Amino acid sequence: QVQLVESGGGLVQAGGSLRLSCAASGRTFSSYAVGWFRQAPGKEREFVGAINWRGGTTNYLDSVKGRFTISRNNAKNTVYLQMNSLKPEDTAVYYCAAGSMGDSFLYSHRYYAYWGQGTQVTVSS
């Protein structure tokens, strides 16, 4: 069993930065891929980015490439989402999730068994 807790959300002006953290409990966390998803009001949940269990492969939504970076520190059981050059359209509740899958499926929510409660990110124009 893995429990995930996101933190680091908040209100930021367009062009600003935030770093979200996803802290996990459970000794097997280092064996899971971790993904970040977001959901804006009235919209479906959207894949943002993910990192495989080794940390050697990442995958990003096209609209965040070059602005967002995912990293992980397995010794601290934590995964980070560094978000730079934020835009109002990045406003959403951000969720981290953990699961086991091949690198080709990092983008798919279907393979993530464990989810955090979410953290709100609001970008003002």
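Heads up: the structure comes first, above all this text.
The structure presented is a predicted model; accordingly, all values stated were derived computationally and were not measured. (Residues numbered from 1 in each chain as written. Predicted model: local features only at pLDDT ≥ 70, side-chain atom pairs only at ≥ 80, totals over all residues. Heavy atoms only, no water.)

Caption draft 1: Up close: the side chain of Glu6. Position of Glu6 among the secondary structure elements: in strand 1 (residues 3-7). Here the side chain of Glu6 touches Cys96 through a polar contact of 2.8 Å, landing on its backbone nitrogen. Within the structure, the side chain of Glu6 is placed 3.0 Å from the backbone nitrogen of Gln117, a separation counted as a polar contact. Residues within four places of Glu6 in sequence aside, it is in contact with Ser21, Cys22, Trp36, Tyr94, Tyr95, Cys96, Gly116, Gln117, Gly118 and Thr119. (Helix = DSSP H or I, 4+ residues; strand = E, 2+ residues; numbered from the N terminus. Polar contact = N/O pair within 3.5 Å; in protein donor to acceptor, adjacent residues only side chain to side chain. Contact = heavy atoms within 4.5 Å.)

Caption draft 2: Fine view of the state of the cysteines. Counted by the stated rule, this structure contains one disulfide. Here Cys22 is linked by a disulfide to Cys96, with a sulfur-sulfur distance of 2.1 Å. The S-S bond linking Cys22 to Cys96 shows a torsion near 70°; that makes this disulfide right-handed. Here the residue Cys22 occupies a position in strand 3 (residues 18-25), and Cys96 occupies one in strand 9 (residues 92-99), the gap between them amounting to 74 residues. The exposure class assigned to Cys22 is buried, which follows from its relative accessible area of 0%. (Disulfide = S-S within 2.5 Å. Buried < 20%, exposed > 50% of the residue type's maximum accessible area, 1.4 Å probe, protein only.)

Caption draft 3: Focus on the sheet that holds strand 7 (residues 68-73). Across the sheet, four strands lie side by side as 1-3-8-7; this open sheet has antiparallel pairing. Both edges of this open sheet fall to strand 1 and strand 7, since each of them pairs with a single strand only. The sheet shows a mean angle of 15° between the axes of neighbouring strands, direction not considered. In the sheet, strand 7 pairs with strand 8 (residues 78-83) via six bridges, with the strands oriented antiparallel. Bridge pairing in strand 8 links Asn73 to Thr78. (Pairing = 2+ DSSP bridges. Axes fitted to C-alpha atoms, helices over the stretch in contact; angles between N-to-C directions.)

Caption draft 4: Broad picture of the environment of Gly49. In this structure, Gly49 sits in strand 5 (residues 46-51). Between the alpha carbons of Gly49 and Gly35 there is a distance of 5.8 Å; along the sequence they are 14 residues apart. Apart from residues lying up to four places away in sequence, Gly49 is in contact with Val34, Gly35, Trp36, Asn59, Tyr60 and Ile70.

Caption draft 5: Seen up close, the nonpolar core. Judged by nonpolar contacts, the single largest core of 29 residues is most densely connected at Leu4, Trp36, Phe68, Val79, Leu81, Met83 and Tyr94. Broken down by secondary-structure element, the contributors of at least two residues to this core are strand 3, strand 4 (33-39), strand 5, strand 7, strand 8, strand 9 and strand 11 (119-124). If we ignore the near neighbours within four places in the chain, the residues touching Tyr94 are Glu6, Leu20, Trp36, Phe37, Arg38, Val48, Phe68, Leu81, Met83, Gly118, Thr119 and Val121. Ranked by size, the runner-up nonpolar core spans eight residues in total, among them Phe37, Ala97, Met101 and Leu106. (Core = buried A, V, L, I, M, F, W, Y, C linked by side-chain atoms within 4.5 Å.)

Caption draft 6: Up close: the pattern of salt bridges. On inspection of all chains with the given rule, the structure shows four salt bridges. A salt bridge links Arg38 to Glu46, with the shortest nitrogen-to-oxygen separation between them at 2.8 Å. For Arg38, a relative accessible area of 6% translates into the label buried. Take Glu46: its relative accessible area is 32%, and that puts it in the partly exposed class. Asp90 is the partner of Arg67 in a salt bridge, and the nearest nitrogen-oxygen pair spans 2.8 Å. Here Arg67 is found in the loop between strand 6 (58-60) and strand 7, whereas its partner Asp90 is found in the loop between strand 8 and strand 9, with 23 residues between them in sequence. With a relative accessible area of 10%, Arg67 lands in the buried category. Its relative accessible area of 1% is what places Asp90 among the buried residues. (Salt bridge = Lys/Arg side-chain N within 4 Å of Asp/Glu carboxyl O.)

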